[in-house]
Structure formats: structure tokens, C-alpha cells
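Structural features, examined
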Amino acid sequence: MLVFFKTIIQGRLDFGTKKSYAKIYKMYQYRIETYYRNDILFKIEDVFFEDELALKIDRFVGNVTEKSYKNTVDLLSYCVQFAVNGSIRAWLLDEGQILHFDSMEPDSDKAVVQHYLKGRSLVKKPGQQTEALKDLNKAIEIHDRHAQAYERRAKINLILKNYSDAIRDYTKALDIDPTIPSPYYGRARVHLISEDWEKAAADLDKAIKRSVALEQIHWKSRRLKGMCHINLKQYPKAVFELKLYTHRKFAPDDPNSFWKRLGFFNYGRALLELEEYQDALAAFSEAFEMDQVDDGIEVSEILRYRGLSKKMAGKNGYIKDIKEAAKMGDKTASKLLAEIT
């Protein structure tokens, strides 16, 4: 009996020249018939686009056999070696558990590929941004539609606080390939710095829609979008995003775990504004019980908000929380304490 599993596959590969495109086009069809006996998830006409010299899978979600999945990943991995840029991500799932995850991107000896890979590896290394820029610029000179190189160059400009240049490069990456989430997320971070909450929320919304819930960027985007909605006083939207974020279980090594306390805190703030005091109290209590990390929120601030939630919910102990916050140096708590005692 055949067993079917859920699969998600998405991505894009650019081949750069008509010659390379024509070669992989022929080989794709040949390998389907010769090696895989047509047990492949994508027909050639569904994924190859001659006008763009590209292979594109915007997002495929379906129930497939493990053999079909492995055959397809094997064939796509073969195609990757002919590409000048791009990436494809694939998941095979069984009731939400990841059975297989495959990330495929060019790793050939082509000059454009090597310059990009070298530049990308240096982006976050202290003092290496100038060297990274040289290689990313070379990759773009060779292939001026290298979306990933523009995205990484934008990242460097963000690190160097060249914000207008970062916006330009993130936008250029999206003009080339609007299906990848990272440029939306990166451009949103620039908007956050300038406190343009509306533009940031719009880009984060697109990052969420272009990613899948199995990816870290999906949840990072939801958390930041929730914060944007709080600043825009759009509290129901903030609650929607932050409820999803705070109820998600993250692995200990997932960066989203670090921001969970801040997520609960902001979730509580939005609930408090909506006069959902009992739920707000639960959120602030969750934040209080979590380990203190350098997330920009003081324990005293959490205690003050928890005290307010207790008071509004008609619970005992609110004065104790506010008094403790005041002892920790929270000036707002001190003023509240003077008003209620």
C-alpha cells in the first residue's frame, strides 16, 4: 500500500544564458524518462520559463510518496549545478514532523557562484564587510539579475547603516525575484529603524506570505509585525500575530526562542488595550516566569504591567507587583503606587 506524505517545495533557479537554459531543459526531460520513469512531481512545462531563463516553483503543496519526493529532489539538485543563482527548499512532512528537509543552491566552480558564496560568507564577519562587498559586486557585474547578491549587499549596507543603499538593494532583489522572503524582511528592518511602522508592517506581511511556517523568518516576521501593529494602535491585528508567535514551540537553538519573552510582553500589552484583562494577565505572567535576557524589557516593566492587569481583572496582589516594580527603579510604577495607595 502506498503511503503519502505532505510536501512543500518552493524556489527559483536562474541559468543566465540561453545555452545553459537549453542544456538543462533537455537534460531535465531526458532524466525524467530515463532515470525516474516519470515518477517526478513537476512536468517540464510547469516549471521551466524560457522568457526568464529560469526554473520556478512558486510554492507546491501536495501529498506525495517518499519515492516521488526523493526523485524530484534528486532531479532538482542536478539542475542546481547549471544555475548561476537561486535556491530551492523542500520539506517532506508526516503530521507536522519533518522527515526530510533539502536546501539546494548553486555550488559550482562558475565565477559568479564563487564570488557570491565568498561574499556571503563574509557578510557577518566583523571587519570583513568591505571584502564581502567586493565579491558581491563582482557577482552582480557578471550576472546583473543576481537577486541573492543584491539581498546580501543590502544586508551589508544595513550593518554599515547605509540605509538608503540598503533599501535600494533590497528593492532591486525583489524586482528580480519577488518570491523570496528575506528581502522583504530586511527592508522592513530598515523601515523599523526609521519608525515607519506602516511600510514595515506591509513588508513583513509579504515576508510571512512568501515563507512557510517551518522557517525561522516566518516567525521573526510575525513577531515584528505584531510590534508594528501595537505602534499603529491596531491592537486586534497585533493580537492575531503575537498569539500565533507566543503559542508556537521553538527549538532551543532557534533565534525565535530568545525573543519569546518579549513576544509575551507585547502580546499582553495588546490584550490590555483591548480590555481582555484575564488573557493579558496570563501573558504578562508567562513573560515574568521566563529567564531574563537582553531583549530590551526590564523585569520591573513586566511586573508593572502584570500589576495593572491584576487590578483591571479584579485580582488580588496588584499592589504588591507595582510596589516591587517601583523598588526596582521603575518610575512609572512609583507614580502609579502614589495614586493607588
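Residues numbered from 1 in each chain as written. Predicted model: local features only at pLDDT ≥ 70, side-chain atom pairs only at ≥ 80, totals over all residues. Heavy atoms only, no water.

1. Thoughts on the nonpolar core
Counting residues in each nonpolar core, the largest one holds 31 residues, and the members touching the most others are Leu13, Phe15, Tyr28, Phe48, Leu55 and Leu76. Sorting the residues of this core by element identifies strand 1 (5-14), helix 1 (18-34), helix 2 (44-47), strand 3 (54-64), helix 3 (66-80) and strand 4 (85-94) as the ones contributing at least two each. Top contributing element to this core by residue count: helix 3, with seven residues. Among all residues touching leucine 55, those that are not within four sequence positions of it are Gly11, Arg12, Leu13, Phe15, Tyr28, Val47, Phe48, Leu76, Cys79 and Ile88. (Core = buried A, V, L, I, M, F, W, Y, C linked by side-chain atoms within 4.5 Å. Buried < 20%, exposed > 50% of the residue type's maximum accessible area, 1.4 Å probe, protein only. Helix = DSSP H or I, 4+ residues; strand = E, 2+ residues; numbered from the N terminus. Contact = heavy atoms within 4.5 Å.)

2. Thoughts on the environment of isoleucine 142
Position of isoleucine 142 relative to the elements: it lies in helix 5 (residues 129-142). The exposure class of isoleucine 142 is partly exposed, given its relative accessible area of 49%. Setting aside chain neighbours within four positions, we find isoleucine 142 in contact with Ala111, Val112 and His115.

3. Let's talk about the pairing of strand 5 (residues 97-104)
Judged from the seven bridges that link them, strand 4 and strand 5 form a sheet pairing that is antiparallel. Across the sheet, arginine 89 pairs through a bridge with serine 103, a residue of strand 5. Counting the residues that bridge the hairpin from strand 4 to strand 5 gives two residues, and of these glutamate 95 lies at a positive phi of roughly 50°. (Pairing = 2+ DSSP bridges.)

4. Quick word on helix 14 (residues 277-289)
In an α-helix there are 3.6 residues to a turn, and that puts residues three or four apart on one side. Look at helix 14: 18 Å from first C-alpha to last across 13 residues, which is about the 18 Å you get at 1.5 Å a residue. For helix 14, every residue scored as buried is listed here: Tyr277, Ala280, Leu281, Ala283, Phe284 and Ala287. The arc that holds every buried residue of helix 14, seen down its axis, measures 165°, which confines them to one face. Those residues of helix 14 that are buried lie in contact with helix 13 (260-273) and helix 15 (299-312). (Expected span 1.5 Å × (residues − 1). Arc of directions from axis to C-beta.)

5. A word on the packing of helix 13 against helix 15
Contact geometry for helix 13 and helix 15: axes closest at 11 Å, N-to-C directions at 30°. Put simply, helix 13 runs roughly parallel to helix 15. Viewed along their axes, helix 13 and helix 15 form a crossing whose handedness is left-handed. Of the residues in helix 15, those touching helix 13 at Arg261, Phe265, Arg269 and Leu272 are Val299, Glu301, Ile302, Tyr305 and Ser309. By residue class, the composition of the contact of helix 13 with helix 15 is five nonpolar, one polar and three charged. (Axes fitted to C-alpha atoms, helices over the stretch in contact; angles between N-to-C directions. Parallel < 35°, antiparallel > 145°, perpendicular 65-115°, else oblique. Left-handed = near helix turned anticlockwise from the far one by under 90°. Nonpolar A, V, L, I, M, F, W, Y, C, P; charged D, E, K, R; others polar.)

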